[in-house]
2 protein chains.
Amino acid sequence: MLNSYSSADKVLLAVDCIIFGFDNEGLKILLIQRDFEPEKGKWSLIGGFLKRDEVLDAAATRILNTYTGLNDIYMEQLYAYSEIDRDPVERTISVSYFALINIENHNAELIKNYHAEWFPINDAPNLIFDHNEMVENAIKRLRYKTSIKPIGFELLPEKFTMRQLLELYEAILSKELDKRNFISKINSLEILNKLDEKDMQSSRKGSYLYTFNKEKYEEKLLNNFVLNL
Amino acid sequence: MLNSYSSADKVLLAVDCIIFGFDNEGLKILLIQRDFEPEKGKWSLIGGFLKRDEVLDAAATRILNTYTGLNDIYMEQLYAYSEIDRDPVERTISVSYFALINIENHNAELIKNYHAEWFPINDAPNLIFDHNEMVENAIKRLRYKTSIKPIGFELLPEKFTMRQLLELYEAILSKELDKRNFISKINSLEILNKLDEKDMQSSRKGSYLYTFNKEKYEEKLLNNFVLNL
DNA sequence: GTATTAAGTGTAAAATTGACATTAATAATT
DNA sequence: AATTATTAATGTCAATTTTACACTTAATAC
């Protein structure tokens, strides 16, 4: 019998989250030092097991909330990893998710208690199991997705400067962008609100703050608009 | 204890394949009429359960081989579907794969024996469970992927005409393309071999046959070449 | 009031895309 | 042998998009 439920093998299903953050130092990921065996003490993605009554998205959300205290976070399912011995304890298939969070909003104390820490994506420790591969793939997907959808704003504070936006894109794409060309491209999209307010931290002159205009973006989406950065 | 293997719930893991084919009638998918409960007699994607000692890619390959007799098929993992009651019998997470096959090569008899059948993507029956959603997402991914990687050739015979290639892209993107612009774009990529041979089926004049030059493509890949169709 | 610092702005050349119509080659028909 | 019918093959120009590039402005610190 080719398809019989009863004879099929059951497996553990895990969720691992690649949590991206961005601050003035660049693009970072949140890693945790495992406090249980195997690989106790080693760095790992934040993860957990799927529960019987839970969908994968919910598991990812729950896990993220547990470790950061955050809700309503942008998440996206990436890929299912299934190498036989990827987890030495027991056959476990892991589904990776990436999350984009505003690094200033997370619960710093909670993270500390869990021995979690932010690492620059280019200067992160070696990770357990196949987590390095998961991160690599997540970065690729982040690059692709930010270039076609305005998800980059999830990584910025509500109000941001053009410089911050530029540096975010430079960090994600890991290449330098021409300031003038970038700004005129962004302006041509007409999906930002320019505020009257200025950020006075970075310069004497001060630079205007912007917010992402989600309504305008969604209105444009209806007319086959594609972000193309 | 947040992460304990022993307390975690195990689930069934299935693989469902969206098998694309292409012939002179257009883009098609291979569906099967289920011969077991639940939903016996209804149309379904071709699928099966993951075995204990098997990685997902291998399960997908095995399932494809079982129903079509084909090996060495282009496959790509798509997404894990995990709605609680997506399968009414038992909690089952399904990982979808898409496969691209040359419709002329498959084992027609095998397919017939399994009550499988090719359907035009725009004229396929309603499917069981969440399989309609899987197909929709697979088509989106196929569109994306064919526009950046030369995987479309997997759907064509070894030797093909420019017209076939054009019609394939039109079918996948489901829009008309300008013949002259398409051909000059393709030629500018320099990844095809133009043969001396002509196909005489379609016209009196006959049209030149081409093959995909994989070596040349991979050579170009090294120089940041991107297909952009 | 002068110096300092990052913000803000425009133009021209190059490359790409998109629209569009005629000629060429061959087999079938007479 | 000439004509017809059918699809294959080919090129140009305008519009748009992308890329490269440098000076002025605003505000504060001294």
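Residues numbered from 1 in each chain as written. Chains lettered and ligands numbered in written order. Predicted model: local features only at pLDDT ≥ 70, side-chain atom pairs only at ≥ 80, totals over all residues. Heavy atoms only, no water.

### Focus on the overall build of chain A
- The helix and strand tally for chain A stands at 6 helices and 10 strands.
- Here the C-alpha coordinates of chain A stretch approximately 65 × 40 × 30 Å along the principal axes.
- The buried share among the 229 residues of chain A stands at 50%.
- Counting contacts in chain A only where the partners sit at least 6 residues apart, residues at least 24 apart contribute 66% of the total.
- Working note: accessible area of chain A is about 11900 Å², and carbon and sulfur atoms make up 44% of it. (Helix = DSSP H or I, 4+ residues; strand = E, 2+ residues; numbered from the N terminus. Buried < 20%, exposed > 50% of the residue type's maximum accessible area, 1.4 Å probe, protein only. Contact = heavy atoms within 4.5 Å. Areas by Shrake-Rupley, 256 points an atom, 1.4 Å probe, with all protein chains shown as cover.)

### Details of the sheet that holds strand 8 (residues 160–161) of chain B
- Within the open sheet, the 3 strands sit side by side as 8-10-9 (chain B). Their pairing is antiparallel. In this open sheet, the two edge strands, each paired with only one partner strand, are strand 8 and strand 9 (192–199) of chain B. (Pairing = 2+ DSSP bridges.)

### Some points on the relation of the copies chain A and chain B
- The transformation that overlays chain A on chain B combines an axial shift of 0.0 Å with a rotation of 180°, and the residual RMSD is 0.1 Å. Both chain copies can therefore be described as sitting about a two-fold axis. (Least-squares fit on C-alpha atoms with pLDDT ≥ 70 in both.)

### With respect to the protein's contact with DNA strand C
- In the region of DNA strand C, 17 residues are neighbours, and A:Arg163, A:Arg180, A:Arg204, B:Asn181 and B:Arg204 sit closest.
- Taken together, the sugar and phosphate atoms account for 44% of what DNA strand C places within 4 Å of the protein.
- The contact in question runs from a phosphate oxygen of DNA strand C to an N or O atom on the side chain of B:Lys185, over 3.2 Å.
- Between B:Lys205 and DNA strand C, the recorded distance is 3.3 Å, taken from a side-chain N or O atom to a base nitrogen.
- Of all the elements in the fold, those that place two or more residues in the surface near DNA strand C are helix 5 (179–189) and strand 10 (207–212) of chain A together with helix 5 (179–189) of chain B. (Near = heavy atom within 4 Å. Polar contact = N/O pair within 3.5 Å; in protein donor to acceptor, adjacent residues only side chain to side chain.)

### Some words on the UniProt feature "domain: Nudix hydrolase" (unreviewed entry) in chain A
- The sites that carry the UniProt feature "domain: Nudix hydrolase" (unreviewed entry) are, in the present numbering, residues 10–142 of chain A.
- Helix makes up 23% of residues 10–142 of chain A and strand 38%, whereas the separation of the span's terminal C-alpha atoms amounts to 32 Å. (UniProt positions renumbered as here; feature names shortened; annotations may be inferred.)

### Structural notes on the protein's contact with DNA strand D
- Taken together, 17 residues form the shell around DNA strand D, and within it A:Asn181, A:Lys205, B:Arg163, B:Lys205 and B:Tyr208 come nearest.
- Restricting the count to atoms of DNA strand D within 4 Å of the protein gives a sugar and phosphate share of 44%.
- Within the contact set of DNA strand D, a phosphate oxygen lies 3.3 Å away from a side-chain nitrogen or oxygen of A:Lys185.
- A distance of 3.3 Å is found between a base nitrogen of DNA strand D and a side-chain nitrogen or oxygen belonging to B:Arg204.
- Those elements that place two or more of their residues in the surface near DNA strand D are helix 5 of chain A together with helix 5 and strand 10 (207–212) of chain B.

### Brief notes about a negative patch on the surface
- A cluster of acidic residues, A:Asp57, B:Glu83, B:Asp85, B:Glu133 and B:Glu136, forms a negative patch at the surface.
- With respect to the helices and strands, the residue B:Glu136 is situated in helix 3 (residues 131–148).
- Residue classification places B:Glu136 among the exposed positions, given a relative accessible area of 52%. (Patch = residues over 30% accessible without salt bridge, like charges linked within 9 Å, V, L, I, M, F, W, Y side chains within 5 Å. Salt bridge = Lys/Arg side-chain N within 4 Å of Asp/Glu carboxyl O. Lys, Arg positive; Asp, Glu negative; His and termini not counted. Charge placed at Lys NZ, Arg CZ, Asp CG, Glu CD.)

### So, the sheet that holds strand 10 of chain A
- Strand order in the open sheet formed by 3 strands is 8-10-9 (chain A), with antiparallel pairing between adjacent strands. Edge positions in the open sheet fall to strand 8 (160–161) and strand 9 (192–199) of chain A, since each of these has one partner strand only.

### Some points on the domain arrangement of chain A
All names here are of chain A.
- Taken domain by domain, chain A holds domain 1 (12–146) and domain 2 (156–221).
- Between the C-alpha centres of domain 1 and domain 2 the distance comes to 28 Å.
- With 7 residues of domain 1 in contact, the opposing surface of domain 2 contributes 11 residues.
- Together domain 1 and domain 2 conceal approximately 800 Å² of surface at their shared face, both sides included; 67% is due to carbon and sulfur atoms.
- If you sort the residues of domain 1 by the area they bury against domain 2, Phe22, Arg143 and Thr146 come out on top, with a joint share of 62%.
- Where domain 1 meets domain 2, there are 3 residue pairs in polar contact (both at pLDDT 80 or more). (Domains from an automatic or database assignment. Buried area = accessible area lost by both parts, 1.4 Å probe.)

### Topic: the environment of A:Arg180
Residue and element names in this part refer to chain A.
- Mapped onto the elements of the fold, Arg180 is located in helix 5.
- By relative accessible area, Arg180 is classed as exposed at 68%.
- Sequence separation of Arg180 and Ser147 is 33 residues, and the distance between their C-alpha atoms is 18 Å.

### What about helix 5 of chain A?
Residue and element names in this part refer to chain A.
- Those residues of helix 5 not exposed but buried are Phe182, Ile186 and Leu189. Taken around the axis of helix 5, the buried residues stretch over an arc of 55°, which confines them to a single face. Within helix 5, the exposed residues directed more than 90 degrees away from the buried face are Arg180 and Asn181.
- Where helix 5 is buried, its residues touch helix 4 (162–173), strand 9 and helix 6 (214–221).
- Near the N-terminus of helix 5, the side chain that reaches the backbone nitrogen of Arg180, with its oxygen 3.1 Å away, is that of Asp178.
- Downstream of helix 5 by a residue or two, Glu190 has a phi angle that is positive, lying close to 55°. (Arc of directions from axis to C-beta.)

### What about the packing of aromatic side chains?
Residues and elements named next belong to chain A.
- With the rule as written, the count across this model stands at 23 aromatic pairs over all chains.
- Both rings, one in Phe153 and one in Phe212, keep their centres 4.4 Å apart while their planes meet at 10°; by these two values the pair is stacked. Of this pair, Phe153 sits in the loop between helix 3 (131–148) and strand 8 while Phe212 is found in strand 10, placing the two residues 59 residues apart along the sequence.
- For the ring pair Tyr169 and Phe182, a centre distance of 5.7 Å and an interplane angle of 50° mean the geometry is tilted. With Tyr169 in helix 4 and Phe182 in helix 5, this pair connects stretches of sequence that are 13 residues apart.
- Phe182 gets classed as buried once you look at its relative accessible area, which sits at 7%.
- Site record: aromatic cluster; members linked through ring pairs are Phe153, Phe160, Phe212, Tyr217 and Phe225.
- In this arrangement the basic side chain of Lys194 is found over the ring face of Tyr208, its NZ or CZ atom lying 4.5 Å from the centre.
- We note Lys220 situated over the ring of Phe225; from NZ or CZ to the ring centre the distance is 5.6 Å. (Phe/Tyr/Trp six-rings, centres within 6.5 Å; stacked < 30°, edge-to-face > 60°. Lys NZ or Arg CZ within 6 Å of the ring centre and 35° of its normal.)

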